[in-house]
Amino acid sequence: MPLQYKLYHHLEGEHQDTITSLAFSSHGTFLAIGSLDGKLSLWSTLSGRKLHVVVTGSNAVLSIIWMTPSENHLLCGLANGVVISIHIDDCVTVTGFTAHSSSPVEYLAVMDCIVVTGTRSEVFLWNHEGTAKWTQLAQILPPPSISVNHESEVIVTSLAWARTKYSERTLLVAYLHHGILLWDAIKVKTAHFVYVKTLVGSMSVSRDGNVLVVSNVTSGFDIYHLNDSSLDGSMLQPSNGMLVPVAFIHGGQAILGGSTCGKVQIWDSTDRSLLGTLVHDTKDVVLSIAAHVESREDRFLIATGTCALEGRRGYVQLWHAVEVEDAGECRLYLVRFHSRLEFKCSQTVIPMVS
């Protein structure tokens, strides 16, 4: 039976400012939410209950990533250049270190124990083993400028790990004006470079490492074949000059894009047909998205977070896929849902590293 995404939980009340980052835990049990208000909150995806809050003071939480396959360990990048490591057991344990001395940690990516931090023009690789041990492994230099961007500032806009034809461990680094760099973590050198004619506001790579989708900052999202850098097609979604996020979901079968007009859309990644729309208020700007598929249970989840505009606080909508009699051209299917573990809410206030 076909499925459609329906609103499952409306998560609000904790954050006072724009939602900057969203991340599901490995099995979709928890949703982590970061905000410009300096708080990280953790919610149950089953009940919609708030479980934990970590308060960083005045330092905005800009990026979040879970240390797969753990369900109780995640990392957060802060506006003061600090990365905090959060372990949640019977209590919440927070440690941190300064990854970038003068810039906010806007992007994080992880493969095994290798963590990548990105900010402005800097990209560092770290070995993170244990609770508080961090060792810098490498720094990735930005690609050389060409005539069309030699006067443009080097700005990182996305990080992603993938297995590509260039390396089993390929790190993709997207730059706003300077295309997309592919870095071989095994040979510790640049493997390839993808030049695109548009700005790159966000990027996602398919699970098989063959296809890229790029948010072009102006008209929507473009699909590229990574093997030859050729443009395969586009999906129109006004960006109004904003860095609108985009992501492959459902194992690469579909593409999820943020929105500047309250309409978060899902497209088929093959023929680019519209599969569904997640409707917010028309004034909402959605610049944070996350998706999760629990393959063992065929559980499909999407989270969408809004900016704080016109006196309104940022909030998060949690969506899940439900069976319907007729979903039009939708070709995704759902089998069942299962229960999740619940905890009582706690709040942790941490002294920040300067």
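Each value, and the rule that gives it
Residues numbered from 1 in each chain as written. Predicted model: local features only at pLDDT ≥ 70, side-chain atom pairs only at ≥ 80, totals over all residues. Heavy atoms only, no water. Helix = DSSP H or I, 4+ residues; strand = E, 2+ residues; numbered from the N terminus. Rg over C-alpha atoms; globule rule 2.2 N^0.38 Å. Buried < 20%, exposed > 50% of the residue type's maximum accessible area, 1.4 Å probe, protein only. Contact = heavy atoms within 4.5 Å. Areas by Shrake-Rupley, 256 points an atom, 1.4 Å probe, with all protein chains shown as cover. Lys, Arg positive; Asp, Glu negative; His and termini not counted. Charge placed at Lys NZ, Arg CZ, Asp CG, Glu CD. Pairing = 2+ DSSP bridges. Axes fitted to C-alpha atoms, helices over the stretch in contact; angles between N-to-C directions. Phe/Tyr/Trp six-rings, centres within 6.5 Å; stacked < 30°, edge-to-face > 60°. Disulfide = S-S within 2.5 Å. 1 Å grid on protein atoms, 1.4 Å probe; cavity = no way out; pocket = protein on both sides within 12 Å on 5 of 7 lines; lining within 4 Å. Points joined across faces, edges and corners; volume = space filled by probe spheres on them. Nonpolar A, V, L, I, M, F, W, Y, C, P; charged D, E, K, R; others polar. Salt bridge = Lys/Arg side-chain N within 4 Å of Asp/Glu carboxyl O.

**Details of the overall build of the protein chain**
Then, number 1: Looking only at helices and strands, the protein chain features zero helices and 29 strands.
Then, number 2: In summary, the protein chain has a C-alpha radius of gyration of 19 Å against a globular reference of 20 Å for 354 residues, a match within 12%.
Then, number 3: Projected onto its principal axes, the C-alpha coordinates of the protein chain cover approximately 50 × 50 × 40 Å.
Then, number 4: Here the protein chain, with 354 residues, has 57% of them falling under the buried criterion.
Then, number 5: Considering only contacts in the protein chain between residues 6 or more positions apart, those separated by 24 or more positions represent 49%.
Then, number 6: Entry remark: accessible area of the protein chain is about 15000 Å², with carbon and sulfur atoms responsible for 51%.
Then, number 7: In the protein chain, which carries 24 positive and 32 negative side-chain charges, the distance between the mean positions of the two groups comes to 2 Å.

**Describing the sheet that holds strand 14 (residues 156–162)**
Then, number 1: Strand order across the open sheet formed by four strands is 14-15-16-17, with antiparallel pairing between neighbours. A single partner strand is all that each edge strand has here, and the edge strands are strand 14 and strand 17 (189–194). For this sheet, the mean angle separating the axes of adjacent strands, direction not counted, is 20 degrees.
Then, number 2: In this sheet, strand 15 (residues 170–175) lies alongside strand 14 in antiparallel orientation, the contact comprising six bridges. Bridging across to strand 15, W161 finds its partner in L171.

**A closer look at the environment of T93**
Then, number 1: For T93, the position within the fold is in strand 9 (residues 92–98).
Then, number 2: For T93, a relative accessible area of 33% translates into the label partly exposed.
Then, number 3: Taking the C-alpha atoms as reference points, T93 and H73, 20 residues apart in sequence, are found 9.6 Å from one another.
Then, number 4: Not counting residues up to four positions away in its chain, the partners in contact with T93 are S85, I86 and H87.

**A word on the packing of aromatic side chains**
Then, number 1: Under the definition given, this model contains five aromatic pairs.
Then, number 2: Summarising the aromatic geometry, the rings of F97 and W126 are spaced 4.8 Å apart at their centres and angled 75 degrees between planes, so their arrangement reads as edge-to-face. Taken together, the residues F97 in strand 9 and W126 in strand 12 (residues 122–129) connect sequence positions 29 residues apart.
Then, number 3: The exposure class of W126 is buried, given its relative accessible area of 6%.
Then, number 4: Here F221 and W267 contribute two aromatic rings whose centre-to-centre distance is 5.6 Å and whose plane-to-plane angle is 65 degrees, an arrangement assigned as edge-to-face. Pair noted here: F221 is in strand 20 (residues 220–225) and W267 is in strand 24 (residues 263–268), with a separation of 46 residues, a long-range link.

**Remarks on the pairing of strand 10 (residues 107–111)**
Then, number 1: The buried fraction of strand 10 is high, at five of five residues.
Then, number 2: Alternating residues of strand 10 divide into Y107, A109 and M111 and L108 and V110, and every residue in both groups is buried.
Then, number 3: Strand direction decides the pairing type here: strand 10 and strand 11 (residues 114–119), joined by five bridges, are antiparallel. Bridge assignment links M111 to a residue of strand 11, and that residue is I114.
Then, number 4: The hairpin formed by strand 10 and strand 11 contains two residues between the paired strands, and D112 there has a positive phi angle of roughly 55 degrees.

**Notes on the state of the cysteines**
Chemically, a disulfide is nothing more than a covalent bond linking the sulfur atoms of two cysteines.
Then, number 1: One pass over the full model with this rule turns up zero disulfides.
Then, number 2: The thiol of C113 is unpaired, and the distance to the nearest cysteine sulfur, on C76, comes to 19 Å.

**Details of empty space enclosed by the protein**
Then, number 1: A complete count under the given rule lists two cavities of 30 Å³ or more for this structure.
Then, number 2: Forming the boundary of the largest cavity are L40, S41, L42, H52, V53, V54, L74, I86 and I88.
Then, number 3: Those elements that place two or more of their residues in the lining of the largest cavity are strand 4 (39–44), strand 5 (50–55) and strand 8 (82–88).
Then, number 4: Tallied by class, residues from the lining of the largest cavity come to seven nonpolar, two polar and no charged.
Then, number 5: Empty space within the second largest cavity amounts to approximately 40 Å³.

**Points about the side chain of S206**
Then, number 1: Counting through the fold element by element, S206 comes out in the loop between strand 18 (202–205) and strand 19 (211–215).
Then, number 2: Setting aside chain neighbours within four positions, we find S206 in contact with V211 and F248.

**What to know about the pattern of salt bridges**
Then, number 1: In total, this model carries seven salt bridges according to the counting rule given.
Then, number 2: The closest approach of N and O atoms between K39 and E14, which form a salt bridge, is 2.9 Å. Here K39 is found in strand 4, whereas its partner E14 is found in the loop between strand 1 (3–11) and strand 2 (19–24), with 25 residues between them in sequence. The pair formed by K39 and E14 is uniform in burial state, with each residue classed as buried.
Then, number 3: As a salt-bridge pair, D232 and R272 come within 3.1 Å of each other at their nearest N and O atoms. One end of the pair, D232, is in strand 21 (residues 230–236); the other, R272, is in the loop between strand 24 and strand 25 (274–279), with 40 residues separating them in the sequence.
Then, number 4: Here the salt bridges share partners, and the residues they tie into one network are E14, K39 and K50.

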